[in-house]
Amino acid sequence: MPSVGNRDVSCPHCGAVVKTAMSPEINAGENPELRQRILDETLFDWKCPECGYEAQLVYPCLYHDKENQFMVYVVPNSGCCRPEPVSVGEAFPQFNGMAKRAVTSLAGLKEKVLIFEAGLNDFAVELVKLALTDVAGKKHDRKTSAGYFCRADEKENRIVFSFFLQGEDEPVQQGTRMDVYRKSLEIVESVGAVSRDDDFVAVDSAAAENILRVYRGGED
């Protein structure tokens, strides 16, 4: 699969058909410029050269990082809140042992890149995020609409997230001690939260809630 290909895109504003470069596969080691566009959140930016209309053109995209042993498959949600597991079976044995995740957005892809490059367990990160969602909401007296991992620093003993509040365009940051992450990791390991090697799965707030249900059930 080529890292970059051209496809015809019809502008929804003026109807012009535009040849557009797309990157259905991104190799972190071979495509550092595309990795940076993920972190800048510009990978899917699109602008019509005829009328200037701008939009995010989200398309299926596979990101893989051999060094950090993870792959992320972007599955545009088409109205669904989370993707179904995507099985690759035995078709790609060279990817055995790599963490495989499915996300629906560029923000989700960026978050997974940051998590795995930091050497963290994303199940545990989601548990921390779930706890801080209520903290951020109460602190700002607003409900949170989304939250994303930003960074972790062992020296500072901090893990930090960005939360979007309902009615606000700019996110707010909320952090806690890395001790909370380590406790979350213990919970994840105690319930055996793992994903099959041959499936791309969504590890998100729903996964975190399920882990807590299993863990609390085991405590009874």
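Residues numbered from 1 in each chain as written. Predicted model: local features only at pLDDT ≥ 70, side-chain atom pairs only at ≥ 80, totals over all residues. Heavy atoms only, no water.

**Student:** Before we move on, could you go through the sheet that holds strand S3 (residues 25-27) and cite the residues and values that matter?
**Tutor:** With mixed pairing, the four strands of this open sheet are ordered in space as S3-S6-S7-S9. Every interior strand has two partners, whereas the edge strands, S3 and strand S9 (99-103), have only one. Shown here is a sheet whose adjacent strand axes are inclined to one another by a mean of 15°, direction ignored. One ladder, built from five bridges, connects strand S7 (residues 70-74) with S9; its direction is parallel. Counterpart to valine 72 in the pairing with S9 is arginine 101. In the packing of helix H2 (residues 106-117) onto the sheet, contacts are made with strand S6 (61-65), S7 and S9, and the angle to S7 comes to roughly 175°. (Pairing = 2+ DSSP bridges. Helix = DSSP H or I, 4+ residues; strand = E, 2+ residues; numbered from the N terminus. Axes fitted to C-alpha atoms, helices over the stretch in contact; angles between N-to-C directions. Contact = heavy atoms within 4.5 Å.)

**Student:** If you had to explain the nonpolar core to someone new, which residues and values would you point to?
**Tutor:** Nonpolar side chains tend to gather and get buried jointly when the protein is soluble and globular. By size, the foremost hydrophobic cluster in this structure holds 26 residues, and its most contacted members are Ile26, Ile38, Leu43, Phe44, Tyr63, Phe70 and Leu109. When contributions to this core are tallied by element, the ones reaching two or more residues are strand S2 (17-22), helix H1 (32-39), S6, S7, S9 and H2. Ranked by the residues each element gives to this core, the list is headed by H2, at four residues. Aside from chain neighbours lying at most four places away, what touches phenylalanine 44 is Ala55, Gln56, Leu57, Val58, Tyr59, Cys61, Val74 and Leu106. Formed by 25 residues, the second largest nonpolar core is a distinct cluster that contains Leu127, Ala136, Phe161 and Leu212. (Core = buried A, V, L, I, M, F, W, Y, C linked by side-chain atoms within 4.5 Å. Buried < 20%, exposed > 50% of the residue type's maximum accessible area, 1.4 Å probe, protein only.)

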